[in-house]
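Survey of secondary and tertiary structure
Take a look at the letters that make up each chain.
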Amino acid sequence: MAFWAGLCVKQLTTNEAVIGVKYRYLNKNPFRSIYFAVLSMAAELSTGILAFAHIADKRVNVSMLVVGLNAQFLKKATGFVYFKCNNGEEIAAAIQQTINTGEGVSITCRSVGVNEHDEIVAIFEFKWSFKRK
């Protein structure tokens, strides 16, 4: 679905991920903006890809699941929108904590979407749960 919606990874480091999406025919709504589900997908990917990256280099299996979501839509999403999450350190710490203790750990990751003019379009907060398998 991310492919069809037009999501693209613009930047990925251990601490930060930036996901872009452009307004186009396949992801527009009747109000001439990017459909909210596409914005949600881009925002989730900006948080989840950081978790995948931190889990991938571990020798232990860790499950991850979104258990909560909060969203604010502040401006019409047209043109190109970038979602940035910089919670990599917190994600790494939560994953390490669940590996060390075997207990589930939940954290909230924030993803802010801005347009080409650096105006905030939407703010998402995803509550991720991590647990050692």
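To start, this report covers the structure provided alongside it. (Residues numbered from 1 in each chain as written. Predicted model: local features only at pLDDT ≥ 70, side-chain atom pairs only at ≥ 80, totals over all residues. Heavy atoms only, no water.)

Notes on the pairing of strand β6 (residues 120–132)
Sheet topology places strand β3 (residues 62–73) next to β6; 11 bridges connect them, and they run antiparallel. Across the sheet, residue Asn-70 finds its bridge partner in β6, namely Glu-125. Pairing between strand β5 (residues 105–114) and β6: 10 bridges, direction antiparallel. Opposite Gly-113, over in β6, you have Ala-122 as the bridge partner. In this structure, the hairpin formed by β5 and β6 is closed by a connection of five residues, where Asp-118 is found at a positive phi of approximately 60 degrees. (Pairing = 2+ DSSP bridges. Helix = DSSP H or I, 4+ residues; strand = E, 2+ residues; numbered from the N terminus.)

With respect to helix α3 (residues 88–101)
The first and last C-alpha atoms of α3 sit 20 Å apart over 14 residues, in line with the 20 Å expected at 1.5 Å per residue. Along α3, the residues that are buried comprise Gly-88, Ile-91, Ala-94, Ile-95, Thr-98 and Ile-99. In a view along the axis of α3, the buried residues occupy a sector of 135 degrees, so they form one face of it. Away from its buried face by more than 90 degrees, α3 exposes Glu-89 and Asn-100. (Expected span 1.5 Å × (residues − 1). Buried < 20%, exposed > 50% of the residue type's maximum accessible area, 1.4 Å probe, protein only. Arc of directions from axis to C-beta.)

Observations concerning the side chain of Ser-33
Within the element layout of this structure, Ser-33 appears in the loop between β2 (17–22) and α2 (36–56). The exposure class of Ser-33 is buried, given its relative accessible area of 9%. Not counting the four nearest positions on each side in its chain, Ser-33 is found in contact with Tyr-23, Asn-27, Lys-28, Lys-76, Ala-77 and Thr-78. (Contact = heavy atoms within 4.5 Å.)

Topic: the packing of aromatic side chains
Across all of its chains, the model carries seven aromatic pairs by this definition. Look at Phe-36 and Phe-73: their rings are 6.5 Å apart centre to centre, the planes differ by 85 degrees, and that puts the pair in the edge-to-face class. With a gap of 37 residues between them, Phe-36 in helix α2 and Phe-73 in strand β3 connect regions that are remote in the sequence. Judged by relative accessible area, Phe-73 falls into the partly exposed class, the value being 46%. Ring centres 4.8 Å apart and planes at 35 degrees place the aromatic pair Phe-80 and Tyr-82 in the tilted group. Residue Phe-80 is classed as buried on the basis of its relative accessible area, which comes to 16%. Here the aromatic residues Tyr-35, Phe-36, Phe-73, Phe-83, Phe-124 and Phe-126 are joined through ring pairs into a cluster of three or more. (Phe/Tyr/Trp six-rings, centres within 6.5 Å; stacked < 30°, edge-to-face > 60°.)

Notes on the nonpolar core
Counting residues in each nonpolar core, the largest one holds 33 residues, and the members touching the most others are Phe-83, Ile-91 and Phe-130. Put simply, the parts of the chain that give this core at least two residues each are β2, α2, β3, β4 (80–85), α3, β5 and β6. The biggest single contributor to this core is α2, with eight residues. Excluding residues that lie within four positions of it along the chain, Phe-83 makes contacts with Ala-17, Val-18, Ile-19, Leu-39, Ala-42, Ala-43, Ser-46, Ser-111, Val-112, Gly-113, Ala-122 and Phe-124. (Core = buried A, V, L, I, M, F, W, Y, C linked by side-chain atoms within 4.5 Å.)

So, the sheet that holds strand β1 (residues 8–12)
Within a sheet, each strand pairs with its neighbour through backbone hydrogen bonds, oriented either parallel or antiparallel. One open sheet holds the six strands; their spatial order is β1-β2-β4-β5-β6-β3, and the pairing between them is antiparallel. Here the strands that pair on one side only, and so sit at the sheet edges, are β1 and β3. Averaged over all adjacent pairs, the angle separating strand axes in this sheet is 25 degrees, with direction ignored. The pairing of β4 with β5 spans three bridges and is antiparallel. By the bridge assignment, Lys-84 is partnered in β5 with Val-112. Most of the contacts of α2 go to β6, to which it runs at about 40 degrees, and overall it touches β1, β2, β3, β4, β5 and β6. (Axes fitted to C-alpha atoms, helices over the stretch in contact; angles between N-to-C directions.)

Scope: geometric values only; no functional claims are made or implied.
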